[in-house]
Every structure is written in C-alpha cells, then in structure tokens.
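# Architecture and fold: a report
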Amino acid sequence: MTAQSADEGLHAQGGPLFPWGSNLLTSSLLNKGTAFTERERDVLGLRGLLPPRVFTIKEQLGRVYGNFLRKPDPLEKYIFLTTLQNRNETLFYKLVQEHAEEMIPIIYTPTVGQACLEYGAIFRRPRGLFLSIRERGRVAEILRHWPHPDVRMIVVTDGERILGLGDLGALGMGIPVGKLSLYTACAGLHPYYCLPITLDVGTDNTKLHEDPLYIGINQKRVRGAEYDAFIAEFVAAVQSAYPRALLQWEDFGNTNAFRLLRQYRDQICSFNDDIQGTASVALAGIIAGLRLTGGRLPDQKLLFLGAGEAGTGIADLVVAALQQEGLSLTDAKARCWFVDSQGLVVQGRPGPLAEHKTPYAHRHPPLATLTEAIEALQPTALIGVSGQARSFTREIVARMAALNRRPIIFALSNPTSKAECTAEEAYQWTDGRVIFASGSPFPPVSLGGRTYVPGQGNNVYIFPGVGLGALVCEATKITDGMFLTAARTLAAQVADEDLALGRIYPALSRIREVSVKIAAAVADEAHRAGLARRPQPADLEADIRARMFEPVYRDYV
Ligand code: NAD
C-alpha cells in the first residue's frame, strides 16, 4: 500500500484510458482545476474548459481559504468544504492539512454532528455507499458499484448512535465520510483506498419518519435475526470484494457495538473506534495528565459517569494498562467504578445489568447519585461519557478539587452541547487546578492571569495512526495491545510545553507526525505478535512516511 500504487490504481480507473476533457474536471481525485499546466490542457482536452491563467496550488489555497473564512457559520463552512472535496480532493486535503486546528472541528466534531442532523436538508451529492436492508441478498453486487477496486479502509455505521445525538438513521453518513477524511488528512491514507458505508436498517427516530427531506428508508429499525443476517452478508461481501480492507465499526448502538466487535474482530481485521479508539485516547490523556499530578496509574481510582461503549471501553484498556504495570486483574478492575442512569453500578443491583458492565459491578451498597458515589469512593479522576449535558455541576467539580490537589476531570460527551461541563467551569471551580480534557474543543480559558489551553480527547489522535499502522504491515487483526501501545505512544508525544499550558494532548497541528509514531508502534506490535502479513522493513517509520499521501499535484503528461 503506497500512495504511488493508489495513484496507479486511480489512473487505471475506468479502463485503460485516463479521463479526458470535462470528465477529468469532474474526477475529484484527479482534478487540479486552474492548476492544470499548459501542456496538460493541450494533451488532455482541457483547453478552453478553464480560464487561461494557470495557478499554483499555493495560489488556489489562498483563494479557497479566503472563501472558507467568508462563510458565516460552521455548517456553511462544512458545506463549503464538502463541495471542495467533491471537486478537488488534493486541494481539499492541502487546505485541511495547512489549517488542521481550524478545519478538523468542521469536518469532524463538533460541526459534523450538526451536519448529520441536517444531512437531508443540506444534501447535494452522494459520497460513499448506502446499503439498505431492502437490498438484502444483493450486497456483493452493490459493492461492485464502487468505482475503486482496491479498497483498504472502510468506515461503516448503521446510524443508531451518532455521536451523543442518538439514532439518526441514514443521516449518519456524515460520520464515515468525516472519519475517512481524517484518515487522509491526519495519517496520509490515500483517499483512493477509502470507502464510507452506511447500512440503512431503518430508524426508530420518529421525527425522521415525518421529515419530507429524510434520505433513508422510512421504516422502524430492523433488529434481531434479520439484522444479524444483513451484517453477516455485508462482512462476507467485504471480505470477498476487498480482502485487504480494514473495517472500522462506527457509531452503532451499544447493544450491537459490543456484540459485533466480539463476533467479528477475529474474523475480519476490524475495530470499533467508539470503544477502542476512545479508550486509547482517554488512557493517553490520563497517562500524560499524571505527569502533571505526579501520581502513578496504579494509585488512581477512576469514577465514570456513563457505562456505555466509551466508558467501559476506557475502563477495559485502563485495566489492561494496570495489568501491564503489575496489578492483578481483580485489583485492576477495582480501580474503575461506574455510575449510570440507575446509579452506582454494583453487584446485586435490581434489574438486568448489561454484559459489558458486569466486570465493574463491585461489592458495594447501592448509591443513587454521582454526588453520593464521589463521597463514598473519593476518586482521583472523574470521566464523563454519559451524553448528559452539564451533569458535572459546580458542587461535583468543587468536591473533586477538595479531594485532590490536581483532580483529573474529563468531560468527553459530544457534541459540545452534551459536555458534562465546560472547560471554563472546570478551571474556575477548581481554581485552575484541574487536569481537564473534553470530547469537543473548548477555547482557551483565562483565569488569575494565566491562560489554560484545554486538551481535546479527540479520537483523531489515535484511529488514523492505528489504521495506518495496521494497513502498512497488513495486519490480520487489531488487538487491544495495539490500542495500549497507541495510548502510550500518544502520551509520550505530549511535550513539556503542552503540559505547561495545561494541555494533555499534542497540538493538532502536529497530528501527522503523531500518527506516524503511532502507526510505527502499532505495526511493530503486529510484527511482534505475528499478525503482520508483510515482512518488517528495516526502518518502519521511514517506510510509513514513504507510503503516506501528500496533497500535491502530480504531472499527468
Ligand atoms: P452509550 O450510549 O454506549 O453510553 C451512554 C451511557 O451513559 C450509558 O451507560 C447510559 O446508561 C449512561 N447514561 C445515560 N443517561 C445517564 C444519566 N442521566 N446519568 C448517568 N449515566 C447516564 O454511548 P457512548 O458511546 O458510551 O458515548 C457516550 C458519550 O461519550 C457520547 O456523548 C459520545 O459523544 C462521547 N464520546 C466521546 C469520545 C471522545 O471524546 N473521544 C469518544 C466516544 C464517545
């Protein structure tokens, strides 16, 4: 898998003839717009189809960035970027790469959340594959409609749990599209290799049934045996059409997410970013944060608000990290506690307990509220993954600050409107002592003459590097060990200058460098575990860098 081999595949697309004339201008992966050279214009039938002046990519960048800035709000900026991506991907990725800190919140959280909510209304041109359950029995045939035969990275959703926004059905397509853009922008995965997929099995969101602009099938969500058979057909079709592809499960409702990961992780090279990617980025934040508190991981007690994919995923990886540091499984699990919508998760609690919560149902009297749980457990870290806006009240945050010199408080729920508290509240209510991270970005906070830069526990720090690492070594599967390695590698990338600002993640402007380090660590782990299909190169990092897509125009003639 190299950027060059993707280019060759791209050039062969549609048969032996390279697209010509106006077809070239509508081929987003090949189009250069006004940057086609004089010679290309003559040889490729473009003369007259473009204004006469030839521009450099730098000049084009100035134009599109100016246009981006003119857009009045984030959703308009999202629409503008989507249109650019559909017109000229090289220029799109150049723009995203040059202004990563500004663009990532538009192509992904938080703006992508609003874009998904309005995906039907803002719909212009399809991107990705829509597979509806009405097409059961035809999935293999439909996969062949995708124009690129060598797909290596698939992000798939069934739209049931989009960010913290719930069931958005087919509107969820914004998520696989956005995540794959991040793979390219942040880890240099060639866009030619990327395929976003939405499995439309209906939606239980009745508002969408009444929406005249809804783009999905208008029926209740299919569940049970029919759903499972559809997923099985999909996985088999992917394996047959794209045997080298990595499948990323994305934003499935939590009953399916855990089940599907368990069922398919050894059958097809795949992972679930909401569970495993989130876990890795959160663990990295905790490890980096401990450099500020001066504490050790085995001495921490973590209390989670929310016991879903994100929360129990994080706890599972924390447990693996603690075991690596010498704790027994029982002792490691005892460091993680959960409060969910029914109160503290404990043994013998009335009502059924989902399987993913049972390892953390400790022996303890039942407690109804988060406040009571903090009082009883005296945690060192409070992790919000509940989707419940403003659930970390002043009283709760101040209590954490009374219990700890440097409390760790992560408000990870997305989008911004769902955050358990804002960065400003966290810093203010702890007199600036908090080690804070959020799921969606918050602006810097000024307090007592200091400026704090809140870290964003964004999965984008992890999944592009993990995916790239798995792809370059052609891993047969993705293990928890790879996510643990990725977390430790990310934490090591946090510089003292970041920590001095209160930031426990590296600046997003360094994301490609961070992704290379993570990819190398993951590939190394795959080689050591005997899971790599490619032989190990002498210099893993150099090999990875050579394979990365760069948004530069190639000469066609
Ligand atoms: P989920 O649906 O699997 O789990 C949500 C959990 O919250 C459930 O256990 C539920 O019982 C609990 N909950 C609901 N209401 C509650 C209440 N009032 N009090 C306490 N607990 C309550 O969802 P998830 O995938 O775990 O995601 C949860 C949140 O985390 C979402 O907002 C998501 O955007 C966010 N998230 C952030 C990141 C990140 O920052 N990197 C990554 C993944 C998910």
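Please refer to the structure placed before this passage.
Notes on the structure in this doc start here. The residue count restarts for each chain, going from 1 along the sequence in the order it is written. With pLDDT at 70 or above as the cut-off, local features in this predicted model cover only qualifying residues; side-chain atom pairs require 80 or more to be listed or tallied, and sums for whole chains, interfaces and linings still use all residues. Only hydrogens and water are set aside; all other atoms, that is, all heavy atoms of the structure, feed into the side-chain values.

## So, the overall build of the protein
Helix numbers and strand numbers start at the N terminus; a helix is a DSSP run of H or I with at least 4 residues, a strand a run of E with at least 2. Within the protein, the secondary structure is distributed over 24 helices and 14 strands. To get the radius of gyration, use the C-alpha atoms; to get the globule rule, take the number of residues to the power 0.38 and multiply by 2.2 Å. Taking 24 Å as the expected radius of gyration for a compact globule of 557 residues, we find that the protein reaches 24 Å, a close match to that expectation. Oriented by its inertia axes, the alpha-carbon framework of the protein measures out at about 75 × 60 × 55 Å. Type-normalised accessible area, obtained with a 1.4 Å probe on protein chains alone, sets the label of each residue: buried when under 20%, exposed when over 50%, and partly exposed for intermediate values. When burial is assessed residue by residue, the protein has 61% of its 557 residues classed as buried. Residue contacts follow a heavy-atom distance rule, with two residues in contact if any of their heavy atoms lie within 4.5 Å. Within the protein, counting contacts between residues at least 6 apart in sequence, those at least 24 apart form 73% of the total. Roughly 21,400 Å² of accessible area belongs to the protein as shown, and the carbon and sulfur atoms make up 52% of that amount. In this tally, Lys and Arg are treated as positive and Asp and Glu as negative; His is ignored, and so are the chain termini. Charged groups are reduced to one reference atom each: NZ for lysine, CZ for arginine, CG for aspartic acid, CD for glutamic acid. Considering the protein, the positive charge centre built from 58 side chains and the negative charge centre built from 58 side chains are found 2 Å apart. Shrake-Rupley sampling with a 1.4 Å probe provides the accessible areas, and residues are treated as covered by the protein chains on show and by no other component.

## Some thoughts on the site of the ligand
Proximity is defined per residue: any heavy atom of the residue falling within 4 Å of a molecule or strand makes that residue near it. Taken together, 23 residues surround the ligand, and among them Arg161, Ala307, Ala310, Gly457 and Asn459 come closest. Glutamate 309 has a polar backbone atom sitting 2.9 Å from an oxygen atom of the ligand. Between N or O atoms, a polar contact is any pair within 3.5 Å; within protein, one atom must be a potential hydrogen donor and the other a potential acceptor, and residues adjacent in sequence are included only when both atoms are from side chains. Within the contact set of the ligand, a nitrogen atom lies 3.3 Å away from a backbone nitrogen or oxygen of serine 341. Asp, Glu, Lys and Arg are counted as charged, while Ala, Val, Leu, Ile, Met, Phe, Trp, Tyr, Cys and Pro are counted as nonpolar; the rest, among them Gly, fall into the polar class. The class makeup of the residues in the shell around the ligand is 6 nonpolar, 14 polar and 3 charged.

## Some details on the sheet that holds strand E2 (residues 153-157)
Two strands qualify as a pair provided DSSP detects at least 2 bridges between them. Within the open sheet, the 5 strands sit side by side as E1-E3-E2-E4-E5. Their pairing is parallel. Taken across any chain shown, the strands that pair with only one partner, and hence form the sheet edges, are strand E1 (129-132) and strand E5 (270-272). On average, each strand axis in the sheet is tilted by 20° relative to the strand beside it, whichever way the strands run. One ladder, built from 4 bridges, connects E1 with strand E3 (residues 194-200); its direction is parallel. The residue of E3 that forms the bridge with serine 132 is aspartate 200. Running over the sheet, helix H10 (residues 174-187) touches E2, E3, strand E4 (246-249) and E5 and is turned about 165° from E3. A fitted line through C-alpha atoms serves as each axis, taken over the contacting stretch for helices, and the angle formed by two N-to-C directions is quoted from 0 to 180°.

## Topic: the environment of valine 397
Checked against the element boundaries, valine 397 lands in helix H18 (residues 394-403). Residues valine 397 and leucine 382, 15 residues apart in the sequence, show an inter-C-alpha distance of 9.0 Å. Dropping the residues within four chain positions of it, valine 397 is found in contact with Phe392, Ile409, Ala426, Trp429 and Thr430.

## Thoughts on helix H23 (residues 511-528)
A helix is expected to span 1.5 Å for every residue after the first. Compared with an ideal rise of 1.5 Å per residue, which puts 18 residues at 26 Å, H23 spans 25 Å between its outermost C-alpha atoms and is within 8% of the ideal. Counting buried positions over the 18 residues of H23 gives 14, a clear majority of the element. Glycine 530 sits one or two residues past H23 and shows a positive phi near 70°.

## Concerning the packing of helix H14 (residues 273-293) against helix H15 (residues 309-324)
Packing of H14 against H15 brings their axes to within 7 Å, and their N-to-C directions diverge by 55°. Taken together, the axis directions place H14 and H15 in an arrangement best described as oblique. As H14 packs across H15, the resulting crossing turns out to be right-handed. Note on element contacts: H15 touches H14 through Glu309, Ala310, Gly313, Ile314, Leu317, Val318 and Ala321, opposite Asp274, Ile275, Thr278, Ala279, Ser280, Ala282, Leu283 and Ile286. Oblique is the label for any angle not under 35 degrees, not over 145, and not in the 65 to 115 range, which are roughly parallel, roughly antiparallel and roughly perpendicular in turn. In a left-handed crossing the near helix is turned counterclockwise from the far helix by less than a right angle, and in a right-handed crossing that turn is clockwise.

## Considerations on the pairing of E4
Of the two faces of E4, the one carrying Leu246 and Gln248 and the one carrying Leu247 and Trp249 are both buried. Pairing geometry for E2 and E4, over 4 bridges, is parallel. When the bridges of E4 are listed, methionine 153 appears paired with leucine 246. Direction of pairing for E4 relative to E5: parallel, over a ladder of 3 bridges. By the bridge assignment, tryptophan 249 is partnered in E5 with asparagine 272. The path from the first strand over the helix to the second decides the hand: if it runs clockwise while the strands point away from the viewer, the crossover is right-handed. A crossover links E4 with its parallel partner E5, the connecting element being helix H13 (residues 254-264), and its sense is right-handed.

## With respect to the state of the cysteines
Any two cysteine sulfur atoms within 2.5 Å of one another count as a disulfide. All chains considered together, the criterion is met by 0 disulfides. Free cysteine cysteine 116: the closest other cysteine sulfur is in cysteine 186, separated by 17 Å. In this structure cysteine 473 is a free cysteine whose sulfur lies 8.3 Å from that of cysteine 269, the closest cysteine sulfur available.

## Examining the packing of H10 against helix H20 (residues 463-472)
Direction vectors running N to C along H10 and H20 enclose 75°, while the axes themselves pass 9 Å from each other. Here H20 runs roughly perpendicular to H10, going by the angle between their axes. Contact residues: Lys179, Leu182, Tyr183, Cys186 and Ala187 in H10; Phe463, Pro464, Gly465, Gly467 and Leu468 in H20. Residues belonging to the contact of H10 with H20 are distributed by class as follows: 7 nonpolar, 2 polar and 1 charged.

In short, the description is geometric, and any link to function would need to be established separately.
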